[in-house]
Amino acid sequence: MDRVSSFDEPLLKLLGGATAKVMAEHLGLHTVGDLLHHYPRRYEERGKLTALADLPLDEHVTVVAQVADARVLMFNNGRGKRLEVTLTDGSGRLQLVFFGHGVHKPHKELLPGRQAMFAGKVSVFNRKMQLAHPTYQLLDASGADEASEAVDAFAGRLLPIYPACKQLDSWRIAKAVDAVLPSARDAVDPLPASLREGRGFTPLPEALLKVHRPQTKADVEDARARLKWDEAFVLQVALARRRYADTQLPAFARRPVADGLLDAFDAKLPFTLTEGQEKVSKEIFDDLATEHPMHRLLQGEVGSGKTMVALRAMLTVVDAGGQAAMLAPTEVLAQQHHRSITEMMGELAEGGMLGGADRGTKVVLLTGSMGMAARRQALLDLVTGEAGIVIGTHALIEDKVRFHDLGLVVVDEQHRFGVEQRDALRSKGKQPPHLLVMTATPIPRTVAMTVFGDLETSVLDQLPAGRSPIASHVVPAKDKPHFLSRAWERVREEVENGHQAYVVCPRIGDDAEETEGKGGKKTKAKKAAPDEDPEKRPPLAVLEIADELRKGALAGLGVEVLHGRMHPDEKDDVMRRFAAGDVDVLVATTVIEVGVNVPNATAMVIMDADRFGVSQLHQLRGRVGRGSAPGLCLLVSEAHEASPARARLSAVAATLDGFELSRVDLEQRREGDVLGQAQSGVRSSLRMLTVIDDEEVIAAAREEAVAVVAADPELEHLPELRTVLAALLDKDREEYLDKG
């Protein structure tokens, strides 16, 4: 068998149809290589029992424990019988239950004192944790043949516990691994020899043997260190090659011009830029001045002045004869950006118009809901070059939209845009335009290095002068209803002091029963009985809460609603009136999450706050405290005090540092949710590496990868690395790399 093909061998050939089918359908394992990279989740020591006290509810688990007692109980007037077995491990007890014909075999085998592995789904019955009809395997020599095989396999060793599924227990996976383990010696080693030896890594075949069948804990550590490095390094090489390829693309250099739009704009600014804005602007200007496309990620807290930095970059490009396009995820946000940019520019945004500045340019808006005449004029201004700056939604990407000379694309809230959309916009330039991606969601350094690893990163971490602090508090509505009454009193006080407030709800309401998620995306909300616990009832809705507030706690105040199902003109009208101070309280969904700027709004009440993610709560909170008066954010929740949901809310209330919160978020959710669907390629390739815990490994791997690619961009002298890279970058997985 050659070195590659043994890893590519379908499992069907080696394991038989039924097992291979379950592995493919439920665990995503198709080849020998896939199974060898399906690493144990943890290890049990023989004789040392699992902590039964820590079992997670509703999860499929494998435990090693001892039978304390077993008894058969009759029910249904003696017509039915069930076997109840109690397991113990010194930390807690767990009940097993078997019914009907399934009682006979376990009754004979599960005798007090016996030790076995059990697998099943944890449930609660009569307030006790239990496994119903678990599969099991005896671990003492007096059992069946299968058991003595198990003892031979595991005697004196660490017992690997694999990520399993209902259809396939951990020990059956272990048997399948035994069948393919000889192929480990054919593993293609991606690490260049000098790197491997320099860092003293275990050879790859040995690492695979050690991770699946360790003799000692040191074996496990050795194997993990090596396998983590492989994952980090291969991923970083892929990203480094993408960055290198970008540097080979041609682009028009857009250098600042003296006495142009930018200078005129800077001269009329009523404040000075922060040090951070100056520094990040310089990084961007340096990139724009090169003859290959800029690919930069601009991270900045809500209100840190990202729009100002982006606008100065756009003005530089216009000065240099090009056009700039800003892409926003929603119409509300596109309109908001258009409004704030034209206000900031004043007469400089009225190029060619009466009263416009001589050096001015036109700033046009392009969205799907615009009237035909306005749309036609905007398209004309773009193709003639009359408009130097265009701000729009994905309507900008349509085939009809033509540019005179597109030089810069600014994408706001990166994670809301698909790869294809950005590529389509990019293809509208005579040469690839420069790209600036902005996000207000702070991203931990490690995630930035993996998910956005093909973008250079700039961070704005200072708030501009004049921004006020925001006090945040959790309001436990169920345990302490008077706290909620006090919350509404506080809102009333803010309004009486001349300020305004937001009330945010997860759902819109009325018959359609929809919740509005990120970016205005709607999903059905399920109905629930009134006496159900708060976790199961539908989330609170804008229309219902607004109605209650008008009649009750906030009677007499101007309460209006804003949500994604309203007509764009209606939304715009409400936002304009709120911004003008004609509306006291805006009850809204997360449509206000990004970009809405009303400095007079000082209070925010987030209903069912536990239904939102950490970064989303942080984003929402950033809508208040934007003026000179301090902000107040109240997180209302019915979640139980000891629940993870409440812990999350307490973390948000405890700090205003978005980067700190993004770490909390990542620790709680792990990589899956954070990397999201668009990055499923990363997720499926990260088996051992955890983005949150392995920052040093990722940083070191990135450094090595950059050096390797700089020396040999095509990896001509590293055929093994090329082979492994080709396997990582199959069609599905390549998509996540197309972010740049």
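Residues numbered from 1 in each chain as written. Predicted model: local features only at pLDDT ≥ 70, side-chain atom pairs only at ≥ 80, totals over all residues. Heavy atoms only, no water.

**So, the sheet that holds strand β12 (residues 387-392)**
Read across the open sheet, the 7 strands follow the order β11-β12-β10-β13-β14-β9-β15; overall the sheet is parallel. What marks the edges here is a single partner per strand, and that holds for β11 (362-366) and β15 (456-460). Between one strand axis and the next, the sheet turns by 20° as a mean value, whatever way the strands run. Helix α13 (residues 306-319) contacts β9 (295-300), β10 (323-327), β12, β13 (406-412), β14 (434-439) and β15 of the sheet and is inclined by roughly 170° relative to β13. Along the sheet face, helix α15 (residues 372-384) touches β10, β11 and β12 and points at about 130° away from the line of β11. (Pairing = 2+ DSSP bridges. Helix = DSSP H or I, 4+ residues; strand = E, 2+ residues; numbered from the N terminus. Axes fitted to C-alpha atoms, helices over the stretch in contact; angles between N-to-C directions. Contact = heavy atoms within 4.5 Å.)

**Looking at helix α12 (residues 275-288)**
Note on helix geometry: an α-helix contains 3.6 residues per turn, so any two residues three or four positions apart are oriented the same way. The terminal C-alpha atoms of α12, which comprises 14 residues, lie 20 Å apart, in line with the 20 Å expected from a rise of 1.5 Å per residue. Within the span of α12, buried status applies to G276, Q277, V280, S281, I284, F285, D287 and L288. Seen from one end, α12 has its buried residues packed into an arc of 160°, which puts them on one side. Opposite the buried face of α12, by more than 90 degrees, sit the exposed residues E275 and K282. If you follow the buried residues of α12, they end up packed against α11 (261-267), β9, α13, β13, β14 and β15. (Expected span 1.5 Å × (residues − 1). Buried < 20%, exposed > 50% of the residue type's maximum accessible area, 1.4 Å probe, protein only. Arc of directions from axis to C-beta.)

**Some remarks on the nonpolar core**
Across soluble globular proteins, nonpolar side chains show a tendency to be buried alongside one another. Grouped together as the largest cluster of nonpolar side chains are 39 residues, with contacts concentrated most on M314, M345, I389 and L408. Looking at which element gives the most residues to this core, the answer is α13, with 9 residues. In this structure, A20, Y43, V177 and L204 belong to the second largest nonpolar core, which totals 32 residues. (Core = buried A, V, L, I, M, F, W, Y, C linked by side-chain atoms within 4.5 Å.)

**Notes on unusual backbone geometry**
Backbone geometry places D608, a non-glycine residue, at a positive phi of 50°. Within the element layout of this structure, D608 appears in the loop between β22 (601-606) and α21 (614-621). Residue classification places D608 among the buried residues on the basis of a relative accessible area of 3%. Non-glycine residue L715 carries a positive phi angle of around 55°. Within the fold, L715 resides in the loop between α25 (695-711) and α26 (719-728). Judged by its relative accessible area of 0%, L715 falls in the buried class.

**Regarding the packing of aromatic side chains**
Each aromatic ring pair is characterised by the separation of its centres together with the angle its planes make. For the coordinates displayed, the defined rule picks out 6 aromatic pairs. Measuring from centroid to centroid gives 6.4 Å for F75 and F99, while their planes differ by 90°, and the two rings are edge-to-face. Here the residue F75 occupies a position in strand β2 (residues 60-75), and F99 occupies one in strand β4 (residues 93-99), the gap between them amounting to 24 residues. Accessibility expressed as a relative area gives 32% for F75, which makes it partly exposed. Aromatic rings pair up to connect F98, F118 and Y136 into one cluster. (Phe/Tyr/Trp six-rings, centres within 6.5 Å; stacked < 30°, edge-to-face > 60°.)

**Here we look at the pairing of strand β17 (residues 500-504)**
Burial within β17 is extensive, with 5 of its 5 residues counted as buried. Covered by surrounding structure in β17 are Q500, Y502 and V504 together with A501 and V503, the residues of both alternating faces. In terms of strand pairing, β17 meets strand β21 (residues 585-588) through 4 bridges, oriented parallel. Among the inter-strand pairings, V503 is bridged to a residue of β21, identified as V587.

**Focus: helix α3 (residues 17-27)**
Among all positions in α3, only A20, V22, M23 and L27 are buried. End-on view of α3: buried residues confined to an arc of 160°, all on one side of the axis. Among the exposed residues of α3, those oriented more than 90 degrees off its buried face are A18, K21 and E25. Those residues of α3 that are buried are in contact with α2 (11-15), α4 (32-36) and α7 (170-180). Immediately beyond the C-terminal end of α3, within one or two residues, lies G28, with a positive phi of roughly 70°.

**So, the pattern of salt bridges**
Scanning the model with the defined rule gives 32 salt bridges in all. A salt bridge links K279 to E283, with the shortest nitrogen-to-oxygen separation between them at 3.7 Å. Taken together, the residues span about one helical turn, with K279 and E283 both in helix α12 at a distance of 4 residues. A single salt-bridge network, built from bridges that share partners, covers R486, E489, R490, E493 and E494. (Salt bridge = Lys/Arg side-chain N within 4 Å of Asp/Glu carboxyl O.)

**What about the packing of helix α14 (residues 331-345) against helix α20 (residues 568-579)?**
Two measures define how a pair of helices packs: the angle their axes make with one another and the distance between the axes. Remark: α14 packs on α20, axes separated minimally by 10 Å, with the N-to-C direction vectors making an angle of 50°. Overall, the two elements α14 and α20 adopt an arrangement that is oblique. Viewed along their axes, α14 and α20 form a crossing whose handedness is right-handed. Between α14 and α20, the contacting residues are E331, V332, Q335 and R339 on the first element and P568, K571, D572 and R576 on the second. Along the lines of polarity and charge, the residues of the contact of α14 with α20 split into 2 nonpolar, 1 polar and 5 charged. (Parallel < 35°, antiparallel > 145°, perpendicular 65-115°, else oblique. Left-handed = near helix turned anticlockwise from the far one by under 90°. Nonpolar A, V, L, I, M, F, W, Y, C, P; charged D, E, K, R; others polar.)

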